[in-house]
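In case you want the letters, here they are:
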There are 2 protein chains.
Amino acid sequence: MFESAELEHAIDKARFEEELPKLRTELLDAQFDLIESKQFPVILIVAGMEGTGVIDALTSAHKVLDARHVVTFALDTPTPEEAERPRMWRFWRVLPPKGEIGIYVGSWYSAPLTNRVLDKTSDAQFEQQLDAIKRFETMLATEGALILKFWLHLSKDDQKKRLKKLKKSERTRWRIEESPWGGSKRYREVKTAAEHMMRITGTDQAPWIPVNAANNYYRSLTVGKTILNAIRSRLEQPQTTEAPPVAAPVGTPDIDQTTLLSTLDLTLNLEKDDYKKQLSHYQNRLNELVWSKKFKKRSLVLVFEGNDAAGKGGSIRRLIEFLDPRRYRVNQFAAPSDEEKAQPYLWRFWRRLPRRGHIAIFDRSWYGRVLVERVEGFCAEADWRRAYNEINDFEKEMTEAGSIVIKFWLTIDKDEQERRFKARGETGYKRYKITDEDWRNREKWGEYAEAVCDLIDLTSTSVAPWVLVEANDKYHARVKVLKTVCEQIEKSL
Amino acid sequence: MFESAELEHAIDKARFEEELPKLRTELLDAQFDLIESKQFPVILIVAGMEGTGVIDALTSAHKVLDARHVVTFALDTPTPEEAERPRMWRFWRVLPPKGEIGIYVGSWYSAPLTNRVLDKTSDAQFEQQLDAIKRFETMLATEGALILKFWLHLSKDDQKKRLKKLKKSERTRWRIEESPWGGSKRYREVKTAAEHMMRITGTDQAPWIPVNAANNYYRSLTVGKTILNAIRSRLEQPQTTEAPPVAAPVGTPDIDQTTLLSTLDLTLNLEKDDYKKQLSHYQNRLNELVWSKKFKKRSLVLVFEGNDAAGKGGSIRRLIEFLDPRRYRVNQFAAPSDEEKAQPYLWRFWRRLPRRGHIAIFDRSWYGRVLVERVEGFCAEADWRRAYNEINDFEKEMTEAGSIVIKFWLTIDKDEQERRFKARGETGYKRYKITDEDWRNREKWGEYAEAVCDLIDLTSTSVAPWVLVEANDKYHARVKVLKTVCEQIEKSL
């Protein structure tokens, strides 16, 4: 895998200085077109052997690009705000928007690679991590990102020479001292792990480009030209609106009309007295749980989805009624802002993930992609189809970071919905007003039901389960929600 | 000041439960109209004597509002990300956008008040802090925010009773233990300091509302109705487009055409050899300074403004040429995003303030308000007139937090600009293209010059000075910028 990257390259200063101005001009022009077009973000990952000058490469990249549209991310110790959220949160918060370039020195590869080199993880664990990264990058690429990953390579001899030189100067010595791999001692381990990494995560959409870094001039010109060619060729590609072909339909055909939803017993109900007693009981219990010491190390993510007028708002209100408002935030999503539109679909939800000890409630959520966007055709079929896996990965990130994730689907039947719509029409409260759109959505009842069954089949996991709530009776629904939350927290702590 | 707030109020549970549903409906309707209109943000500050149930008040507020459009901010220990930036940064990051409600339990008042109560600050220092707060709130209000500040009050006897009750229950005892003022011991000090605070910072635009909190029912109804009335009355006010009257013109009349700009010696220049030598010298020096231990505790904010084609970009490029890209970010501002438009003018600049040890470079900046927006009439006269003070406050925040702030004005004369425009027209580099707008701006040369002289007179402070750079000769300009940066850092460390 490193055969080409170990070939010797003799680019001298003269040749470099001759070629640089042209490259620089072309790169700036390409970047200018990218900024103007706002078509896609560029994500550059720079990693490599010790002594290859990853930082120098970064500095040269900055020198030839318009720094006003470049964001650099260097892996540092995570701040508490970062450490208290899923592992990938810190990367999401610095993703470049469309038109901009993000350079990552230290990236999602750093920890997996270092842990493998130091033998803190097994090959199998390493592979699992790489697989997750691959899925993440595929998602970014499918959302439009241009991803290039440079591996700066050195032969063992070249590395020794390099490190010796770095050690000599006071100004560069720290680079080796701070290095997690301990200089050239682990050359073989690094090479093996890197090879593994590149094999698994090098894809057409996010290729690894090994570059011989023994010669700085060669390194700079190669990296620069690769970036230039990639941006140019992407800019020149026709903006396809045609969706890629998709596989067979999701879910199984509904042969006997027996679905997850049709088997729910919507007659379940609670008497008012019983309701009041249970509500108060679970509200107190929830309060205690949230104040418990163990919860301080966890967090809670609650997703509420359901038919229009199924009572999501009312359930949420009962849930938070006695909670300390400093601990939770209820999130609702209108049309995305333009900052959100310039990012991958999931970005605006990542922004709202809770810190440890906190609760994030989502009144409608990322499932919009596979519900309203699917049914109304707001996104391409390929887009909502890939969303199931992306969502599963997203929720796995949360649970791995200690979040307790529970998702509620509140179901009412068509008659009950009609009753509620009509009642709302009569209240006169503006906030309850029923729009034509609400009535229109009813006409697609069947399509929504199908989408719901698919999403439950495809995204109900043991770590982030869907809870179906029979919501024709509001009392029953509210208590079931509260009770489930309490029980799940208890189980998890 | 607390006379009314010490009157006894006898609202019983029956009356409360009778009035609450109506209040709740009206508040929700008002909030709905606010959300729909997106006219202004609502900022609610809740503070008060110990034992007044500030948290309870918060919880009740949440209960009667639509929590999906309320953001709560509770003062916690600042996270490192917050602690490494100006004091007010943590508040700016949670300001509610237009249409939303922000509730602050623990606010910009908390630290000043507590420090005064504990006698850690003098009356004079306290007053100075209050004055800064007043200016901040005036700015928010002028930008459209509806600000209400509740002081929950208790007489001394009532407080004793309250605290005794709180101590009894395990669930409330922590509130007293965590209290910085030590229960009722400092009743007099708290009362005196609060009175002082309310006197200085209570304005028409951001009034303090003292509320007797001895009776929870009375407290909740009063706070709720006050909020309702304020939102309603603001929503009903006609949206005035007429600017408020302004005072006499800024600056002194230009009687003999001797201005700050006209006295600059634009013939200053450097020979190429000398330039190369000095450039390299100061680039190295800057690199050393930025790597120094002392700089880790500081940060650097550089503002670049100047005539079109004055060479800002080139100067910035030389400045960062050898800096570690992980340490700096170059910021440029296009049209504000819709998230930025829903916030006060300075919000998008606050977002970009650097952490400790880092450098933020602004290629054009908040001075756009008093330059292009003033000259082109993009904002009302009253808006750019108040901006000078707002900017001074903003920069003072930075320097007080340890930032080194330097602002460069790059000046070229009209002939030189024409030469550069024409040369650019010939290069063919798209990024250098000169638009009709650039030529149009030239026609307002005089107006811009006037605006520049005003801004320098009004915003050049000893802590955040303007440096005028003679930029007809690029070599001279670049070296002067670099040299100044080095010298100012040296002086500050």
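Please read all numbers here as calculations on a predicted model, not as lab measurements.

Caption draft 1: Just the overall build of chain A, in detail. Helix and strand content of chain A: 20 helices and 10 strands. With the C-alpha coordinates of chain A rotated into their principal frame, the extents come out at 85 × 50 × 40 Å. With the model as given, the accessible surface of chain A reaches about 23000 Å², and the carbon-plus-sulfur share is 49%. Charge-centre separation for chain A: the mean point of 81 positive side chains lies 6 Å from the mean point of 76 negative side chains.

Caption draft 2: Inspection of the interface of chain B and chain A at higher detail. Across the contact, 51 residues belong to chain B and 51 residues belong to chain A. Both sides together, the interface formed by chain B and chain A hides about 4600 Å², and carbon and sulfur atoms give 52% of it. Between chain B and chain A we count 6 salt bridges in total. As a salt-bridge pair, Arg68 of chain B and Asp363 of chain A come within 2.6 Å of each other at their nearest N and O atoms. The interface formed by chain B and chain A includes 13 residue pairs in polar contact (both at pLDDT 80 or more). A per-element tally of the side of chain B that touches chain A places helix α1 (residues 13–37) of chain B first, with 7 residues.

Caption draft 3: Fine view of the packing of helix α5 (residues 110–117) of chain B against helix α6 (residues 123–142) of chain B. All names here are of chain B. At their nearest, the axes of α5 and α6 sit 10 Å apart, and the two run at 170° to each other. Classified by the angle their axes make, α5 and α6 are roughly antiparallel. Here α5 and α6 pass one another in a crossing that is left-handed. Across the interface between the two elements, Pro112, Leu113 and Arg116 of α5 pack against Asp123, Phe126, Gln129 and Ile133 of α6.

Caption draft 4: Quick peek at the packing of aromatic side chains. Evaluation of the coordinates by the stated rule reveals 44 aromatic pairs over all chains. Plain terms: the ring middles of Phe362 of chain A and Trp366 of chain A are 4.9 Å apart, the flat faces sit at 70° to each other, and that makes the pair edge-to-face. Across the pair, exposure class does not vary: Phe362 of chain A and Trp366 of chain A are buried alike. Between the aromatic rings of Phe421 of chain B and Trp439 of chain B, the centroid separation amounts to 5.1 Å while the plane-to-plane angle is 80°, which identifies the pairing as edge-to-face.

Caption draft 5: Layout of helix α19 (residues 445–459) of chain B. All names here are of chain B. Taking 1.5 Å as the rise per residue, α19 with 15 residues should run 21 Å; its terminal C-alpha atoms sit 21 Å apart, in good agreement. Along α19, the residues that are buried comprise Tyr448, Ala451, Val452, Cys453, Asp454, Leu455, Ile456 and Thr459. Where the residues of α19 are buried, they touch α15 (372–375), α16 (381–400), β9 (403–411), α18 (436–443) and β10 (466–470).

Caption draft 6: Local environment of the relation of the copies chain B and chain A. Take chain B, turn it by 180°, move it 0.0 Å along the axis, and it overlays chain A with an RMSD of 0.0 Å. Given the turn and translation reported, the copies of this chain are related as if by a two-fold rotation axis. Residue Asp338 of chain B, judged by its C-alpha, is the member of chain B lying nearest the rotation axis, at 3.2 Å. Here 100% of the contact residues of chain B are again contact residues in chain A; the copies associate through an equivalent surface.

Caption draft 7: Highlighting the side chain of Glu19 of chain A. With respect to the element layout, Glu19 of chain A can be found in helix α1 (residues 13–37). Not counting the four nearest positions on each side in its chain, Glu19 of chain A is found in contact with Leu221 and Lys225 of chain A.

Caption draft 8: Here's a closer look at the sheet that holds strand β6 (residues 299–306) of chain B. Residue and element names in this part refer to chain B. Read from one edge to the other, the open sheet built from 5 strands follows the order β7-β8-β6-β9-β10, with strand pairing classed as parallel. The open sheet has two free edges, formed respectively by β7 (328–332) and β10, since each of these has just one partner strand. Each strand of the sheet is rotated relative to its neighbour by a mean of 20°, with strand direction disregarded. The sheet contacts of α19 involve β9 and β10, and relative to β10 the element is tilted by about 145°.

Caption draft 9: Highlighting helix α10 (residues 216–236) of chain A. All names here are of chain A. An ideal rise of 1.5 Å per residue puts 30 Å on 21 residues; α10 measures up with 30 Å between its terminal C-alpha atoms. Along α10, the residues that are buried comprise Tyr218, Arg219, Ser220, Leu221, Thr222, Val223, Gly224, Ile227, Leu228, Ala230, Ile231 and Leu235. On the buried face of α10, the contacting elements are α1, β1 (42–48), α2 (54–64), β3 (101–105), β4 (146–153) and β5 (208–212). Between the side-chain oxygen at the start of α10 and the backbone nitrogen of Tyr217 there is a gap of 2.8 Å, and the oxygen is on Asn215.

Caption draft 10: Molecular detail of the sheet that holds β4 of chain A. Residue and element names in this part refer to chain A. Strand order across the open sheet formed by 5 strands is β2-β3-β1-β4-β5, with parallel pairing between neighbours. Both outer strands of the open sheet, β2 (70–74) and β5, are each paired with one neighbouring strand and no more. Going across the sheet, the axis of each strand differs from the next one's by a mean of 20°, ignoring polarity. Bridge count for β2 against β3 is 5 bridges, and the pairing is parallel. Among the inter-strand pairings, Val71 is bridged to a residue of β3, identified as Gly102. Taken strand by strand, α2 contacts β1, β2, β3 and β4, and its axis lies near 165° from that of β3.

Caption draft 11: Highlighting the environment of Ile35 of chain B. Mapping Ile35 of chain B onto the fold places it in helix α1. Along the backbone, Ile35 of chain B and Ile101 of chain B are 66 residues apart, and their C-alpha atoms lie at a distance of 9.2 Å.

Caption draft 12: Representation of the environment of Glu6 of chain A in the model. All names here are of chain A. Assignment of secondary structure puts Glu6 in the segment before α1. Residue classification places Glu6 among the partly exposed positions, given a relative accessible area of 34%. Once the C-alpha coordinates of Glu6 and Asp473 are considered, the two residues, 467 residues apart in sequence, prove to be 70 Å apart. In contact with Glu6, not counting residues within four places along its chain, are His153, Ser155, Tyr187, Lys191 and Asn212.

Caption draft 13: Spotlight on unusual backbone geometry. Residues and elements named next belong to chain B. Despite not being glycine, Asp119 has its phi angle at roughly 65°, a positive value. Residue position: Asp119 is located in the loop between α5 and α6. In this model, Arg364 sits at a positive phi of 70°, which is unusual for a non-glycine residue. Locating Arg364 in the fold gives a position in the loop between β8 (359–363) and α15.

Caption draft 14: Here's a closer look at the pattern of salt bridges. All names here are of chain A. Under the counting rule described, the total for this entry stands at 82 salt bridges over all chains. Glu340 is the salt-bridge partner of Arg351, the closest N and O atoms lying 3.2 Å from each other. In this pair, Arg351 sits in the loop between α14 (347–350) and β8 (359–363) while Glu340 sits in helix α13 (residues 338–341), placing the two residues 11 residues apart along the sequence. You can call Arg351 partly exposed: its relative accessible area is 32%. Overall, Glu340 belongs to the buried group, its relative accessible area being 13%.

Caption draft 15: Structural context of the state of the cysteines. A complete count under the given rule lists 0 disulfides over all chains for this structure. You can see Cys453 of chain B has no disulfide; the closest cysteine sulfur is in Cys379 of chain B, sitting 19 Å from it.

Caption draft 16: Broad picture of the side chain of Glu340 of chain A. Separated by 3.4 Å, the side chains of Glu340 of chain A and Arg348 of chain A make a polar contact. Here Glu340 of chain A is in contact with Trp347, Arg348 and Arg351 of chain A together with Glu339 of chain B, once residues within four sequence places are set aside.

Rules of the game
Residues numbered from 1 in each chain as written. Chains lettered and ligands numbered in written order. Predicted model: local features only at pLDDT ≥ 70, side-chain atom pairs only at ≥ 80, totals over all residues. Heavy atoms only, no water. Helix = DSSP H or I, 4+ residues; strand = E, 2+ residues; numbered from the N terminus. Areas by Shrake-Rupley, 256 points an atom, 1.4 Å probe, with all protein chains shown as cover. Lys, Arg positive; Asp, Glu negative; His and termini not counted. Charge placed at Lys NZ, Arg CZ, Asp CG, Glu CD. Contact = heavy atoms within 4.5 Å. Buried area = accessible area lost by both parts, 1.4 Å probe. Salt bridge = Lys/Arg side-chain N within 4 Å of Asp/Glu carboxyl O. Polar contact = N/O pair within 3.5 Å; in protein donor to acceptor, adjacent residues only side chain to side chain. Axes fitted to C-alpha atoms, helices over the stretch in contact; angles between N-to-C directions. Parallel < 35°, antiparallel > 145°, perpendicular 65-115°, else oblique. Left-handed = near helix turned anticlockwise from the far one by under 90°. Phe/Tyr/Trp six-rings, centres within 6.5 Å; stacked < 30°, edge-to-face > 60°. Buried < 20%, exposed > 50% of the residue type's maximum accessible area, 1.4 Å probe, protein only. Expected span 1.5 Å × (residues − 1). Least-squares fit on C-alpha atoms with pLDDT ≥ 70 in both. Pairing = 2+ DSSP bridges. Disulfide = S-S within 2.5 Å.

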